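Structural overview for review
Spelled out, the chains give:
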Amino acid sequence: MKISVIGCGYLGAVHAATLASMGHDVVGIDTDADKVGHLSRGFAPFFEPGLEDLLADGRDSGRLTFSTDMDRVADAEVHFLCVGTPQSKTSDLADLGYLEAATRAVGARAKAGSAVVGKSTVPVGTVHRVREWLAGADVALAWNPEFLRQGTAVKDSLVPDRLVYGVEDSDDAAGPGSAGHGTVRTLDEVYAPLLHAGVPRIVTSFATAELIKSAANAYLATKLSYINAMAELCDAAGADVTQLSAAMGLDPRIGQRYLAAGLGFGGGCLPKDIRSFRAQARELAVDSVDAWMGLVDSINVGQRGRVAALAAELCGGAVSGRRIAVLGAAFKPDTDDIRDSPALDVAVRLAGAGAHVVVTDPKAINNAWMRYPQLQFESSLAAAVEGAEIVLLLTEWPQFRALDPHDLAGRVRRPVIIDARNVLPRTEWRAAGWTVHGVGTGDAARVHVA
Ligand SMILES: NC(=O)C1=CN([C@@H]2O[C@H](COP(=O)(O)OP(=O)(O)OC[C@H]3O[C@@H](n4cnc5c(N)ncnc54)[C@H](O)[C@@H]3O)[C@@H](O)[C@H]2O)C=CC1
Ligand SMILES: O=C(O)[C@H]1O[C@H](OP(=O)(O)OP(=O)(O)OC[C@H]2O[C@@H](n3ccc(=O)[nH]c3=O)[C@H](O)[C@@H]2O)[C@H](O)[C@@H](O)[C@@H]1O
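As recorded in an unreviewed UniProt entry, the protein chain goes by the name UDP-glucose 6-dehydrogenase, listed as coming from Sinomonas flava. In its Pathway (unreviewed entry) section, the UniProt record describing the protein chain reads: "Nucleotide-sugar biosynthesis; UDP-alpha-D-glucuronate biosynthesis; UDP-alpha-D-glucuronate from UDP-alpha-D-glucose: step 1/1."

1. So, the overall build of the protein chain
Scanning the protein chain for helices and strands turns up 18 helices and 14 strands. A compact globule built from 450 residues would reach a C-alpha radius of gyration of about 22 Å, and the protein chain, at 24 Å, matches this within 12%. Overall, the protein chain is about 75 × 45 × 40 Å in size when its C-alpha atoms are taken along their principal axes. Counting all 450 residues of the protein chain, 49% fall into the buried class. Partitioning the intrachain contacts of the protein chain with sequence separation of at least 6 by distance along the chain shows that 70% fall at a separation of at least 24.

2. Quick notes on the sheet that holds strand E10 (residues 356-360)
Strand order in the open sheet formed by 6 strands is E11-E10-E9-E12-E13-E14, with parallel pairing between adjacent strands. The open sheet has two edge strands with one neighbour each: strand E11 (376-377) and strand E14 (435-437). In the sheet, strand E9 (residues 323-327) pairs with strand E12 (residues 390-393) via 4 bridges, with the strands oriented parallel. Bridging from a neighbouring strand, Val326 pairs with Leu392 of E12. Taken strand by strand, helix H12 (residues 287-314) contacts E9, E12, strand E13 (416-419) and E14, and its axis lies near 165° from that of E13.

3. Quick word on the domain arrangement of the protein chain
Splitting the protein chain by domain gives domain 1 (2-199) and domain 2 (204-450). Computed over C-alpha atoms only, the centres of domain 1 and domain 2 are separated by 32 Å. The interface is formed by 26 residues belonging to domain 1 together with 27 residues belonging to domain 2. Of all the elements in the fold, those that place two or more residues in the side of domain 1 that touches domain 2 are helix H5 (126-133) and strand E7 (163-167). Among the elements that take part in the side of domain 1 that touches domain 2, E7 stands out by supplying 3 residues, more than any other. Tallied by class, the residues present in the side of domain 1 that touches domain 2 amount to 16 nonpolar, 7 polar and 3 charged.

4. Brief notes about the UniProt feature "domain: UDP-glucose/GDP-mannose dehydrogenase C-terminal" (unreviewed entry) in the protein chain
Taken from the UniProt record, the annotation "domain: UDP-glucose/GDP-mannose dehydrogenase C-terminal" (unreviewed entry) applies to residues 325-426. For residues 325-426, helix accounts for 29% and strand for 18%, while the C-alpha atoms at its two ends are 19 Å apart.

5. Description of H5
Of all the positions in H5, only Thr126, Val127, Val130 and Trp133 are classed as buried. Seen along its axis, H5 keeps its buried residues to an arc of 110°; they face one direction. Across H5 from its buried face, at more than 90 degrees, point the exposed residues His128 and Glu132. Those residues of H5 hidden inside the fold are in contact with helix H4 (97-109), strand E5 (115-118), strand E6 (140-143), E7 and helix H9 (206-237). Of the residues one or two after H5, Ala135 is the one with positive phi, at around 50°.

6. Section: the site of ligand 1
Every one of the 27 residues lining ligand 1 counts as a neighbour, but Gly7, Gly9, Leu11, Ser120 and Thr121 are closest to it. A total of 4 residues in the shell around ligand 1 trace back to one element, the largest contributor, which is H4. Its residues assigned to classes, the shell around ligand 1 shows 13 nonpolar, 10 polar and 4 charged.

7. Concerning the site of ligand 2
Surveying the vicinity of ligand 2 reveals 21 residues, the closest of which are Gln150, Ala260, Phe265, Cys269 and Lys332. In terms of residue count, the dominant contributor to the shell around ligand 2 is H9 (3 residues). For the shell around ligand 2, the per-class residue count stands at 11 nonpolar, 7 polar and 3 charged. The two domains that each donate at least three residues to the shell around ligand 2 are domain 1 (2-199) and domain 2 (204-450).

8. A closer look at the nonpolar core
Among the nonpolar cores identified, the biggest contains 68 residues, and Ala311, Ile324, Val326 and Leu392 are the most heavily contacted of them. In terms of residue count, H12 provides more of this core than any other element does, 8 residues in total. Once you skip the residues sitting within four places of it in the chain, Ala311 turns out to touch Val319, Ile324, Leu350, Ile390, Leu392 and Ile418. Grouped together as the second largest cluster of nonpolar side chains are 61 residues, Leu55, Phe66, Ala102 and Val190 included.

9. A few points about the confidence of the model for the protein chain
Averaged over every residue, the pLDDT of the protein chain is 95; the share at 70 or more is 96%. When the criterion is pLDDT under 50, residues 174-179 qualifies, and its contacts beyond four places in sequence or with other chains add up to 5 contacts. Both scores are given for the predicted complex: the pTM is 0.95, the ipTM 0.98.

10. A few points about the packing of H12 against helix H13 (residues 342-352)
Two elements in contact, H12 and H13, have axes separated by 9 Å at closest approach and are oriented at 45°. Considered as vectors, H12 and H13 are oriented oblique to each other. Between H12 and H13 lies a crossing whose hand is right-handed. Residues Arg304, Val307, Ala308 and Ala311 of H12 lie in contact with H13, whose contacting residues are Pro342, Asp345, Val346, Arg349 and Leu350. Taken together, the residues that form the contact of H12 with H13 break down as 6 nonpolar, no polar and 3 charged.

11. Overview of helix H3 (residues 51-61)
Taken as a whole, H3 has its buried residues at Leu51, Leu54, Leu55 and Gly58. On an axial view of H3, the arc spanned by its buried residues comes to 100°, and they lie on one face. Note on H3: the residue one or two positions beyond its end, Gly62, has a positive phi of about 80°.

Parameters and conventions
Residues numbered from 1 in each chain as written. Chains lettered and ligands numbered in written order. Predicted model: local features only at pLDDT ≥ 70, side-chain atom pairs only at ≥ 80, totals over all residues. UniProt positions renumbered as here; feature names shortened; annotations may be inferred. Helix = DSSP H or I, 4+ residues; strand = E, 2+ residues; numbered from the N terminus. Rg over C-alpha atoms; globule rule 2.2 N^0.38 Å. Buried ≥ 20, exposed ≤ 12 C-beta atoms within 10 Å, placed from the backbone. Contact = placed C-beta atoms within 7 Å. Pairing = 2+ DSSP bridges. Axes fitted to C-alpha atoms, helices over the stretch in contact; angles between N-to-C directions. Domains from an automatic or database assignment. Nonpolar A, V, L, I, M, F, W, Y, C, P; charged D, E, K, R; others polar. Arc of directions from axis to C-beta. Near = placed C-beta within 6 Å. Core = buried A, V, L, I, M, F, W, Y, C linked by C-beta atoms within 7 Å. pLDDT = per-residue confidence, 0-100. Parallel < 35°, antiparallel > 145°, perpendicular 65-115°, else oblique. Left-handed = near helix turned anticlockwise from the far one by under 90°.

Listed below in structure tokens is the structure:
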């Protein structure tokens, strides 16, 4: 099929590349000429494992092209809308400005009978606004939310847990002869290899499809804030949240995933999505969801404050003038994305309190250094920790987990580390002379003021 993908960021570039790998002819459109230049040459404009291989395959096969020219969408049979829906600068609401611009541009060029399919994460009810923005274009409309995670985006796209199709009420999966089966059939054709492999697909209304996406992210955020609240309880009681979550997770009704307590969640999605969800609940007068999301958000942001306060405590009450090494700038490992990064938030708080903060990260320094002039960035871990009075492990990259505590002890001024992701083998590090503090690992009662 001929497909256009509008918006080639973390979601769209991966979506375009995986569709091409399934045999479709795909054009990816983005307003960012730099991004399009990279993608056209087969290079990923951001770090995402496996993406460059797919881009190179797509370029070599001729099935995958990129452009800034919106006119290139004209002969596509399906248009996927993948532009950003960031948090508004002035409220909790999602900013739908990019989506409106992209939709209007597609609507003006899409050929009659083609399908416009939304993938961006949107507040419930947005599809009706998209229909208005299409301004009478003779196109079908569907909403097909995406659930991929950065860092595993290629795998998540090629082997998704489920496909969700939000379609017109008249549309159904009954096949030829039913009133408006157009978009279901079209999407089935797009995703044929996945459906053939047995990926479940849910066909539902627009509102339900929109809410499935928001509710899934809100649930993940809820699970994370729940375990972080338990971490605070563990610190207060002298218990260990890593053992608590491991034991809880063995119950298959609970499961191990998203139960890793620590610095909490960040990134370009969960934080803004729970705020948008909150705003939607307020508009719909569903107070319980508003209050719930408010608590999830405040527990999450509170983790950052707790780690910064622990650093101050371990520095004798204040960090002013202290040299602090921060391991991690990305919002999580295996990505270079620093959007709402908990690690950088803590680093900025400490710098704001007068510390000399040196940050290192395997992939995210290029994205971070111009944005945060108050921080020093080092690509070499050895340079970052040199002379540090305290080390903070804030993003659990494999290379940080595997650090040799003996080697590191020889480089720092004081062997004190906050393992804010609870990933280091504490016994080994303590045997190497380190004071190790986790989050919720019951160390709070053992803080020694230096
Ligand atoms: N990043 C992720 O892992 C996932 C993101 N999502 C959702 O997907 C959407 C996109 O997210 P990201 O890819 O992370 O954002 P992003 O910011 O990385 O990418 C958005 C892209 O859209 C482009 N763009 C903006 N306006 C445009 C226009 N009028 N025409 C063409 N291109 C335009 C931007 O230049 C940018 O490259 C959001 O709604 C997000 O919530 C959903 C699932 C996963
Ligand atoms: O809507 C989106 O954009 C995506 O948001 C998340 O994906 P992502 O933001 O890429 O990252 P996750 O792996 O979910 O991690 C989110 C945050 O939670 C943190 N986290 C995750 C798991 C855990 O146990 N503990 C924990 O603190 C991570 O460090 C990270 O900061 C969802 O997992 C995806 O399903 C969804 O498609």
